[in-house]
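# Summary of the model geometry
This is what each chain is made of:
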Amino acid sequence: MTTSTRPRAAGTDRRVPTAPTRVERTPRFRGPAWLDGPMTSAHLVFGAAGLLLTIGLVMVFSASSIEAALNNEPAWAPGVQQLIWAALGVGAMLVALRLPAGFLRRWSPIALIVVFAMLLLVLVPFIGVKLNGARQWFNLGFANLQPSEVGKLVFALWGAHVLALRERYLTTTSLLVPVLPVFGVLSLLMIAEPDFGAVVSLGLVLVGLLWAGGMPLRWFAWFAAAGAVVLGALVVFAPYRMARITSFMDPFADPTDGGFQAIRGMYALATGGLWGVGLGNSAMKWNLLPHAESDYIFAIIGEELGFLGCLVVVTLYGVLAYAGFRIARRSADRFVQLASVAITVWLVGQAAMNMGYVVGLLPVTGVQLPLISAGGTSLVLTLFIVGLLARFARSEPAAIEAQRGRERGRLARIFLPVPESAVDPVRPRHRPEDRPPARPVVSGGRTVVRAQQAPPRRRVPPADGPRDAGRRQPPPGASRRPGGPR
């Protein structure tokens with residue numbers, strides 16, 4: 001606490017305490033000037049995601065061509081199919097760019113209920129499709145939908161909505177409940193499929209929500225210990241998971257079965273060296289490396305483009321992570337802050353998991369490399385998430401002011417509308433004027449109300465006339481009606 005030396009009265013020797021002044025710290029490393037621009041976050045999201053998508057399309061064409069030709073299919077067929085899915089994903093991204101944060105918050109609880117129903121239905125025989133020993137897909141006729149992928153996004157949005165509502169009275173208990181129980185139920189449904197990789201990805205979403213919500217670091221240590229215990233139990237009760245763990249620790253102990261894929265991935269990376277063998281010249285994609293176009297596409301990148309190609313991919317994911325955390329730091333909406341951190345931790349963490357088990361640092365979990373691996377619905381969902389991040393970036397206060405202060409073309413006004421405000425209020429799903437009128441309290445039976453009629457007023461004619469003879473005269477002292485006789 002600092003003290004002031006303001007004038008004091010005679011005979012006093014007290015110093016009046018003042019409020020402490022906040023000292024602004026100068027950043028140790030200052031980037032270029034354009035990095036502080038109002039639209040930098042959106043440009044970084046679009047640029048990094050666009051380059052990753054381009055690299056993914058090129059590598060899917062290369063990695064899947066040989067297997068398609070050996071199966072008597074056109075060599076370009078898988079690549080064209082991935083290109084179609086990318087076009088659909090760009091459409092989903094444009095839809096996400098038009099979704100206000102308030103709309104996402106209003107409908108996230110309903111979407112969570114739908115996800116619960118989908119995860120239950122996928123376990124029912126003749127409804128869920130079973131592939132490679134796991135029942136985790138719906139057959140849509142033209143593609144397979146994996147509800148666990150949708151569940152991750154819905155859980156991130158719903159968790160951000162709940163924590164944003166409890167921001168004023170947020171404690172450790174209110175931070176964990178009901179987010180942690182919902183995570184447990186979703187994880188149990190995913191383990192029943194079984195889909196252990198989806199559970200790990202969902203755990204990344206949970207970590208992002210709790211971290212952005214302000215969970216103390218010591219709680220993360222307890223969660224890590226509990227997760228290790230649960231992981232040990234799952235490994236003990238499932239022999240195939242034990243095989244994955246042992247093959248990760250020593251893949252050459254079982255080179256023909258458990259360690260076959262890991263060893264072939266390492267060979268692909270070692271063959272590429274610094275510059276790579278050239279685009280399209282991979283040898284491991286000749287049915288030597290299983291799932292070369294999806295789970296192990298990073299190994300094909302290392303073989304054909306070398307260490308430099310892998311370094312470019314890692315750098316682009318780093319840029320995407322920086323953009324996501326920058327959006328959370330500069331946004332004024334608490335929901336946007338929480339959702340941005342959760343989505344960023346999920347995407348970048350899943351990419352780190354994929355690249356980690358390809359290079360032999362992590363056990364094989366089967367998660368795909370976002371925006372690069374072959375896959376239809378996962379690519380569309382990932383591009384939708386990129387659209388949400390870009391929407392959050394364009395709702396920064398400085399970004400809104402910059403967009404309103406410049407001339408915008410017709411296409412920009414259609415596909416990239418300017419957000420109304422930096423903090424989108426949560427409006428009810430139905431406006432009060434849209435609700436039907438309230439029904440009367442009276443029951444359906446007919447109620448008749450009879451009004452009592454007032455008694456007729458008696459006329460007292462005057463007593464001066466021949467017609468009044470014989471009629472009763474008013475009592476003495478009674479007042480006559482004004483106006484005289486009629």
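Scroll up to find the structure.
Throughout what follows, the structure given in this document is the object of discussion. Keep in mind that this is a model prediction, so the values were computed, not measured. (Residues numbered from 1 in each chain as written. Predicted model: local features only at pLDDT ≥ 70, side-chain atom pairs only at ≥ 80, totals over all residues. Heavy atoms only, no water.)

Before going further, it helps to spend a moment on the overall build of the protein. Looking only at helices and strands, the protein features 15 helices and three strands. Within the protein, residue pairs in contact and separated by at least 24 positions form 68% of the contacts whose partners lie at least 6 positions apart. In the structure as shown, the protein presents an accessible area of about 28,200 Å², 63% of it carried by carbon and sulfur atoms. (Helix = DSSP H or I, 4+ residues; strand = E, 2+ residues; numbered from the N terminus. Contact = heavy atoms within 4.5 Å. Areas by Shrake-Rupley, 256 points an atom, 1.4 Å probe, with all protein chains shown as cover.)

Scanning all chains against the criterion turns up seven aromatic pairs. Between Phe155 and Phe183, the aromatic rings sit 6.4 Å apart at their centres with planes inclined by 40°, giving tilted as the arrangement. Taken together, the residues Phe155 in helix 4 (residues 147-165) and Phe183 in helix 6 (residues 179-191) connect sequence positions 28 residues apart. Three or more aromatic residues joined by ring pairs form one cluster here, namely Phe155, Trp158 and Phe183. (Phe/Tyr/Trp six-rings, centres within 6.5 Å; stacked < 30°, edge-to-face > 60°.)

With that settled, the discussion passes to the side chain of Arg326. Assignment of secondary structure puts Arg326 in helix 11 (residues 297-330). Lacking a salt bridge, the buried Arg326 has Glu396 as its closest oppositely charged neighbour, with an N-O distance of 4.4 Å. Not counting residues up to four positions away in its chain, the partners in contact with Arg326 are Leu35, Asp36, Gly37, Thr40, Ser41 and Glu396. (Buried < 20%, exposed > 50% of the residue type's maximum accessible area, 1.4 Å probe, protein only. Lys, Arg positive; Asp, Glu negative; His and termini not counted. Salt bridge = Lys/Arg side-chain N within 4 Å of Asp/Glu carboxyl O.)

For the rest of this paragraph, the subject is the sheet that holds strand 1 (residues 128-131). Pairing is antiparallel in the open sheet, where three strands are placed in the order 1-2-3. Since the sheet does not close on itself, it has two edges, and those belong to strand 1 and strand 3 (144-145), each with one partner. In terms of strand pairing, strand 1 meets strand 2 (residues 134-139) through four bridges, oriented antiparallel. By the bridge assignment, Gly128 is partnered in strand 2 with Phe138. (Pairing = 2+ DSSP bridges.)

Taking burial as the measure, the six residues of strand 2 include five buried ones, the bulk of the element. The antiparallel pairing of strand 1 with strand 2 creates a hairpin that spans two residues between the two strands, and Asn132 there sits at a positive phi of about 55°. Connecting strand 2 to the antiparallel partner strand 3 that follows it, the hairpin turn spans four residues, and Gly141 within it adopts a positive phi of roughly 95°.

Turning our eyes to something else, we now look at the side chain of Ser41. Residue position: Ser41 is located in helix 1 (residues 40-70). Not counting the four nearest positions on each side in its chain, Ser41 is found in contact with Ala323, Arg326, Ile327, Arg330, Ala393 and Glu396.

So, about the pattern of salt bridges. A complete count under the given rule lists four salt bridges for this structure. For Glu167, the salt bridge is made with Arg334, and the minimal N-O distance between the two is 3.1 Å. Placement of Glu167 in the loop between helix 4 and helix 5 (172-176) and of Arg334 in helix 12 (residues 334-358) is noted, with a sequence separation of 167 residues between them. A relative accessible area of 34% places Glu167 in the partly exposed class.

Right, let's talk about helix 7 (residues 196-213) for a bit. With 18 residues, helix 7 should cover 26 Å at 1.5 Å per step; its first-to-last C-alpha distance of 26 Å lies within 8% of that length. Judged by how many residues are buried, helix 7 sits mostly within the fold: 14 of 18 residues are covered. Gly214, located one to two residues past helix 7, shows a positive phi value of around 100°. (Expected span 1.5 Å × (residues − 1).)

Taking 1.5 Å as the rise per residue, helix 1 with 31 residues should run 45 Å; its terminal C-alpha atoms sit 46 Å apart, in good agreement. The sharpest bend along helix 1 comes to roughly 40°, located at Ser64. Of the residues trailing helix 1, Asn72 is marked for its positive phi of about 60°. (Bend = angle between axes of the 7 residues up to and from the residue.)

On to the nonpolar core, then. Counting residues in hydrophobic clusters, the biggest one holds 104 residues, and the most contacted among them are Leu153, Phe155 and Phe335. Considering each element in turn, this core owes the most residues, 15 residues, to helix 12. The residues touching Phe155, leaving out its near neighbours within four places in the chain, are Val179, Val182, Phe183, Leu186, Leu202, Val205, Leu206 and Leu209. (Core = buried A, V, L, I, M, F, W, Y, C linked by side-chain atoms within 4.5 Å.)

The subject of this paragraph is the environment of Pro78. Within the secondary structure, Pro78 is located in helix 2 (residues 77-97). According to the relative accessible area criterion, Pro78 is partly exposed, its value standing at 23%. Apart from the residues lying within four places of it in its own chain, the contact partners of Pro78 are Val60, Ser64 and Ala68.

Helix 12 packs onto helix 7 with a crossing angle of 140° between their chain directions and a minimal axis gap of 8 Å. Overall, the two elements helix 7 and helix 12 adopt an arrangement that is oblique. Considering how the two elements wind past one another, helix 7 and helix 12 form a crossing that is right-handed. Contacts between helix 7 and helix 12 pair Val200, Ser201, Leu204, Val205, Gly208, Leu209, Trp211, Ala212 and Gly213 from the former with Arg334, Leu338, Val341, Ala342, Val345, Trp346, Gly349, Gln350 and Met353 from the latter. (Axes fitted to C-alpha atoms, helices over the stretch in contact; angles between N-to-C directions. Parallel < 35°, antiparallel > 145°, perpendicular 65-115°, else oblique. Left-handed = near helix turned anticlockwise from the far one by under 90°.)

A few words now on the packing of helix 3 (residues 101-121) against helix 4. Contact geometry for helix 3 and helix 4: axes closest at 8 Å, N-to-C directions at 140°. Considering the angle they form, helix 3 stands oblique to helix 4. For helix 3 against helix 4, the interelement crossing comes out left-handed. Contacts between helix 3 and helix 4 pair Leu104, Arg105, Ser108, Pro109, Ala111, Leu112, Val115, Met118 and Leu119 from the former with Pro147, Ser148, Val150, Gly151, Val154, Leu157, Trp158, His161, Ala164 and Leu165 from the latter. Taken together, the residues that form the contact of helix 3 with helix 4 break down as 14 nonpolar, four polar and one charged. (Nonpolar A, V, L, I, M, F, W, Y, C, P; charged D, E, K, R; others polar.)

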